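Residue strings, one per chain:
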Amino acid sequence: MSLEDEAEALASDLGVDKQEVLEDLEKLTSYSVPLEEAKGSLRRKYGDGSASSGNEPTTKEIADIGTDDGNVTVTARVLTVGKRSIRYQGDDQTIYEGELADETGRISYTAWEEFGLSVGDTVTVGNAGVREWDGRPELNLGQSTTLVFEDDTLDVEYGVGGDRTLDALEPGDRGRNVVVRVLECERKTIDGRDGETEILSGVLGDETGKLPFTDWDPHSEIEAGASVRLENVSIREFRGVPSVNVSEFSSVIALQEDVAVSESAPELPIGDAVSSGGAYDVTLVGNVIEVRDGSGLIERCPECGRVVQNGQCRSHGAVEGEDDLRVKAILDDGTGTVTAVLGHDLTEEVYGGGIETAKEHARDAMDKEVVADEIREQIVGREYRVRGQLSVDEYGANLNATSFEESDEDPSERAKAALAEVDT
Ligand SMILES: [Zn+2]
């Protein structure tokens, strides 16, 4: 029986959509889950067809809640509670979000009413709606939901409370608390949904890393150099990098002791870094296999800073370009590739001269490409340790370099070591 036939049989058995079952089966078998086990897990996921049709809430364990469930009743421990304001049909509404857990798993929830949930409570949530978000089930606690606070505390294997280090934050997280030092902080005026608004933006650090932040309701305790505990923050994603959001519902507590901040950036295999979707500050080590076109002596639009080609900016048409230096180098470590982008200063170091030198060089050769060629000579085929901000989006995987250093490891030593291994 083909996988498609299996999916069809299972789907009609369970009374659910065949395509969904097929996609789930394909996913599970691609992870080498044996077929029978995969089918069993889907039977559990889709509730064996028994109670999935009616609107009667079913008492379920969290692991058994599927995106096809209508309403469910669960007994769970409150892991986190985040408070946030959203604009819904023209009105500002306060909602509560976080995670619930039982012995079998955990699930995100949104409460549209004030139920008085606190971190650590054990509750029975009756008649909660199930909705799908990003392919996963989430609980909606609304007007028709009942809530009972249980006396017996449910033991769960997950951390109760929202305390996290910066490296453990993920986009979509709510109700998180961090202890950080404010490394950079800038006041900006933006056009918000209620007209011009002041916000703070900058960079936070702790012992595990650094992340950008935005404070939508400027707190006076947040200033460059300050060490603070931020409570009830949420995490968004910007170009693949998690960003900490401080709001009017967040608490900011100034700390007397300085929070220690890591000087180094975590080093990752390129493949892992790219599949993680981006990183604010990361170190990647690999061989430069190519210097891409658009490197060397380039011209930028004076209006927007984009690279000008043949005197034309994509947004501003014919412009008088401003000279700049840049390198776009493809870095490869065998697990993946990224384009390391070096700005003016790092390019100057690699090239061994500034813009004036480069222009003279190009004039003498009557060809701008000689600058890029010189850079190619210098770096292609060598191993570099590159630190910077990694963004992964429709423009590809780009590492905006803050440092670019030849790797300490001597390639000839490595070659010798490899040969020695072959010899024995
Ligand atoms: Zn422009």
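Please read all numbers here as calculations on a predicted model, not as lab measurements.

1. Here's the deal with the environment of L346
Here is step 1 of the chain: The residue L346 is located in helix α5 (residues 344-351) in this model.
Here is step 2 of the chain: A C-alpha to C-alpha distance of 7.1 Å links L346 and F404, two positions 58 residues apart in sequence.
Here is step 3 of the chain: Those residues in contact with L346 that sit more than four places away from it in its chain are A401 and F404.

2. Focus on the confidence of the model for the chain
Caution applies to low-pLDDT regions: their predicted coordinates should not be interpreted in detail.
Here is step 1 of the chain: Mean pLDDT for the chain: 89, with 94% of residues reaching 70 or above.
Here is step 2 of the chain: Within the chain, the element-level pLDDT minimum falls on helix α8 (residues 411-423), averaging 57, and the maximum on strand β20 (residues 337-342), averaging 98.
Here is step 3 of the chain: Taken together, the stretch residues 49-54 has pLDDT below 50 and engages in eleven contacts with residues farther than four places along the chain or on a different chain.

3. What about the environment of G195?
Here is step 1 of the chain: Structurally, G195 is set in strand β10 (residues 195-206).
Here is step 2 of the chain: In the structure, G195 is positioned 62 residues away from E257 in sequence and 38 Å away in space, judged by C-alpha atoms.

4. Re helix α3 (residues 35-45)
Here is step 1 of the chain: Buried residues of α3: A38, K39, L42 and K45, and no others. Taken end-on, α3 shows its buried residues confined to a sector of 115°, consistent with a single buried face. Counted as exposed and oriented over 90 degrees from the buried face of α3: E36, E37 and G40.
Here is step 2 of the chain: Here the buried face of α3 lies against α1 (3-14) and α2 (18-30).

5. Here we look at unusual backbone geometry
Here is step 1 of the chain: Its identity as a non-glycine residue notwithstanding, N127 has a phi of 60°, on the positive side.
Here is step 2 of the chain: Note that N127 resides in strand β6 (residues 122-133).
Here is step 3 of the chain: On the neighbour-count criterion, N127 (17 C-beta atoms within 10 Å) is partly exposed.
Here is step 4 of the chain: The phi dihedral of N310 falls on the positive side, at around 50°, and the residue is not glycine.

6. A look at the pairing of strand β12 (residues 227-238)
Residues in a regular strand point their side chains to alternate faces of the sheet.
Here is step 1 of the chain: Here strand β9 (residues 176-192) runs beside β12; their pairing, made up of five bridges, is antiparallel. Paired with R181 across the strands is S227, a residue of β12.
Here is step 2 of the chain: Sheet topology places β12 next to strand β13 (residues 241-246); five bridges connect them, and they run antiparallel. In the sheet register, I235 faces β13, and the bridge partner there is V244.

7. A word on the domain arrangement of the chain
Here is step 1 of the chain: Along its sequence, the chain is carved into domain 1 (1-50), domain 2 (54-160), domain 3 (166-254) and domain 4 (270-411).
Here is step 2 of the chain: Taking only C-alpha atoms into account, the centre of domain 1 sits 27 Å from that of domain 2.
Here is step 3 of the chain: A per-class count over the side of domain 1 that touches domain 2 returns two nonpolar, one polar and two charged.

8. A word on the pairing of β9
Here is step 1 of the chain: Across eleven bridges, the pairing between β9 and β10 is antiparallel. In the sheet register, D191 faces β10, and the bridge partner there is E196.
Here is step 2 of the chain: What sits between β9 and β10 in their antiparallel hairpin is a turn of two residues.

9. Section: the nonpolar core
Soluble globular proteins tend to bury their nonpolar side chains together.
Here is step 1 of the chain: Membership of the largest hydrophobic core comes to 51 residues, with the highest contact counts inside it found for L331, V338 and A340.
Here is step 2 of the chain: Ranked by residues supplied to this core, first place goes to strand β15 (residues 278-291) with six residues.
Here is step 3 of the chain: Split by domain, the residues of this core number at least three in each of domain 3 (166-254) and domain 4 (270-411).
Here is step 4 of the chain: Not counting residues up to four positions away in its chain, the partners in contact with A340 are A329, L331, V386, L399, A401 and F404.

Quick notes on the rules
- Within any chain, residue numbers begin from 1 and follow the written order of that chain's sequence.
- With pLDDT at 70 or above as the cut-off, local features in this predicted model cover only qualifying residues; side-chain atom pairs require 80 or more to be listed or tallied, and sums for whole chains, interfaces and linings still use all residues.
- To qualify as a helix, a DSSP run of H or I must reach at least 4 residues; to qualify as a strand, a run of E must reach at least 2; elements of each kind are numbered from the N terminus.
- Two residues form a contact once the distance between their C-beta atoms, set from the backbone, is within 7 Å.
- Confidence scores labelled pLDDT are given residue by residue by the predictor and lie between 0 and 100.
- The burial label depends on the number of other C-beta atoms within 10 Å of a residue's C-beta. Counts of 20 or more mean buried, 12 or fewer mean exposed, and intermediate counts mean partly exposed, with C-beta atoms placed from the backbone.
- The arc in question is the one spanned by the directions pointing from the helix axis to the C-beta atoms.
- One requirement defines pairing of two strands: DSSP has to find at least two bridges between them.
- Domain extents, as shown, originate in an automatic or database domain assignment.
- Just so you know the grouping, Ala, Val, Leu, Ile, Met, Phe, Trp, Tyr, Cys and Pro go in nonpolar, Asp, Glu, Lys and Arg go in charged, and all remaining residues, Gly too, go in polar.
- Connectivity within a nonpolar core runs through C-beta atoms within 7 Å, and the core itself is a set of buried Ala, Val, Leu, Ile, Met, Phe, Trp, Tyr and Cys residues.

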